[in-house]
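# Survey of secondary and tertiary structure
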Amino acid sequence: MHKKFILKGVDTIFRFQTDLVIYLMDTVSGSVITEENLTLMRNNTYLNAVKKGMGFYVLYNSGRENFELTISADGYEHKKFQVEFERLDSKLPAVYIQMVPKRSMKNENEIWELKGNISGLEAIDAVSLEDSYLYFKEFRKEERVLSLFNCREGSYTGRQYAAVNPEKTEYAVFEIQQELSAGQWKINGIPEKFHIPNAVIARVIQGIAGQNGDYVLRFKAENEIYIIRCMVHGTEKFHCLNQQDKSLQSGGIVWECS
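This report concerns the structure included in the present document. (Residues numbered from 1 in each chain as written. Predicted model: local features only at pLDDT ≥ 70, side-chain atom pairs only at ≥ 80, totals over all residues. Heavy atoms only, no water.)

Moving on, we come to the pattern of salt bridges. According to the stated counting rule, one finds 13 salt bridges in the structure shown. The salt bridge partner of Arg64 is Asp19, with a shortest N-O separation of 3.1 Å. Separated by 45 residues along the polypeptide, Arg64 in the loop between β7 (56-60) and β8 (67-73) and Asp19 in strand β3 (residues 18-26) bring together distant segments of the chain. Here Asp19 falls in the buried class, since its relative accessible area comes to 1%. Put simply, Lys80 and Glu68 hold a salt bridge, and the shortest N to O gap is 3.8 Å. Of this pair, Lys80 sits in strand β9 (residues 79-83) while Glu68 sits in strand β8; the two residues are 12 residues apart in sequence, bridging distant segments of the chain. A relative accessible area of 53% places Lys80 in the exposed class. (Salt bridge = Lys/Arg side-chain N within 4 Å of Asp/Glu carboxyl O. Helix = DSSP H or I, 4+ residues; strand = E, 2+ residues; numbered from the N terminus. Buried < 20%, exposed > 50% of the residue type's maximum accessible area, 1.4 Å probe, protein only.)

Among the nonpolar cores identified, the biggest contains 19 residues, and Ile22 and Leu69 are the most heavily contacted of them. Looking at this core, the elements with two or more residues in it are β3, β4 (38-42), β7, β8 and β10 (94-99). Per-element accounting of this core gives the leading share, 4 residues, to β8. Leu69 has contacts with Ile22, Leu40, Met41, Leu47, Lys79, Lys80, Phe81, Val83 and Ile97, leaving out every residue within four places of it along the chain. Ranked by size, the runner-up nonpolar core spans 18 residues in total, among them Phe136, Phe139, Ala163 and Phe194. (Core = buried A, V, L, I, M, F, W, Y, C linked by side-chain atoms within 4.5 Å. Contact = heavy atoms within 4.5 Å.)

This part takes up the sheet that holds β4. The strand order across the open sheet built from 4 strands is β5-β4-β8-β9, with neighbouring strands paired in antiparallel fashion. The open sheet has two edge strands, β5 (45-46) and β9, and neither has a second partner. Bridge count for β4 against β8 is 5 bridges, and the pairing is antiparallel. Within the sheet, the bridge partner assigned to Leu40 lies in β8 and is Ile71. (Pairing = 2+ DSSP bridges.)

The next thing to look at is the environment of Ala123. Tracing the backbone shows Ala123 in strand β12 (residues 121-128). Taking the C-alpha atoms as reference points, Ala123 and Arg229, 106 residues apart in sequence, are found 8.2 Å from one another. The residues contacting Ala123, other than those within four sequence positions of it, are Ala209, Arg229, Cys230 and Met231.

Quick look at the environment of Tyr57 now. For Tyr57, the location among the structural elements is in strand β7. Separated by 37 residues in sequence, Tyr57 and Ala94 place their C-alpha atoms 9.8 Å apart. Setting aside anything within four residues of it in sequence, one finds Tyr57 in contact with Leu20, Val21, Ile22, Leu24, Glu35, Leu38, Leu40, Ala49, Val50 and Lys51.

Roughly 1,600 Å³ of internal volume is contained in the largest pocket. Along the wall of the largest pocket there are 45 residues; nearest its centre are Phe81, Arg87, Tyr96, Gln160 and Glu175. Mapped onto the lining of the largest pocket, the elements with two or more residues apiece are β3, β9, β10, β12, β16 (171-181), β19 (208-209) and β21 (225-232). Per-class residue counts for the lining of the largest pocket are 20 nonpolar, 12 polar and 13 charged. In this structure, the second largest pocket is lined by 17 residues; those nearest its centre are Tyr133, Tyr156, Arg159, Tyr161 and Arg203. Sorting elements by how many residues they give to the lining of the second largest pocket places strand β18 (residues 200-206) first, with 3 residues. Of the residues contributing to the lining of the second largest pocket, the split by class is 6 nonpolar, 5 polar and 6 charged. (1 Å grid on protein atoms, 1.4 Å probe; cavity = no way out; pocket = protein on both sides within 12 Å on 5 of 7 lines; lining within 4 Å. Points joined across faces, edges and corners; volume = space filled by probe spheres on them. Nonpolar A, V, L, I, M, F, W, Y, C, P; charged D, E, K, R; others polar.)

Okay, here's the thing in structure tokens:
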């Protein structure tokens with residue numbers, strides 16, 4: 001993008017290159033983050049990002065070298081994210097980042113929390129079986145195009161969703177690379193065993209997994225049934241969880257999925 005200004009009779013051209021678009025979303029609610037008190041850092045240096053509204057920020061003329069992005073926002077856990085430009089669109093590089101909300105007295109009745117320690121844990125996420133309205137129609141493997149039933153118009157590009165098996169005991173996570181039309185997404189793929197008409201397609205809720213195996217996973221308190229996926233020593237482990245379980249009714253929840 002170019003802007004041209006006249007200064008004292010001299011033509012001055014200012015060139016702006018969009019180097020990165022950053023979308024921030026609340027992983028529990030699925031909504032965009034509009035928090036005003038937010039900072040972005042690139043390898044421990046503050047970034048001068050331009051806020052564009054609706055949860056996204058733009059970096060101009062900042063270069064396109066890979067870096068570690070650190071995000072701090074009131075009401076959310078700190079987030080570190082590796083930006084790798086070779087994996088992004090060369091014309092308009094964009095990253096979609098899910099933030100985990102903190103649990104406080106203001107929202108303790110709205111957010112349910114699981115925390116504990118699992119040896120060898122690398123990642124943890126979940127899907128709600130009560131907060132899903134999308135269903136599998138067909139998947140064209142060569143084109144990587146997923147068609148869905150009951151898909152509303154919206155902004156889905158960059159988000160993570162999952163195909164749930166009919167027994168509702170496990171799921172396969174995929175990323176939406178492009179929203180082609182209402183009810184059609186270009187994605188990075190789904191294993192064939194999940195190519196089942198009317199299978200549930202659910203939004204993925206991300207948790208936090210520390211280097212020592214500590215984890216935190218937060219959900220909407222209004223939903224009761226979830227499937228949780230743990231990546232332990234490179235192996236997926238799935239667990240169904242119901243908030244009505246007696247062991248989960250106390251506020252300080254300790255849960256092991258091993």
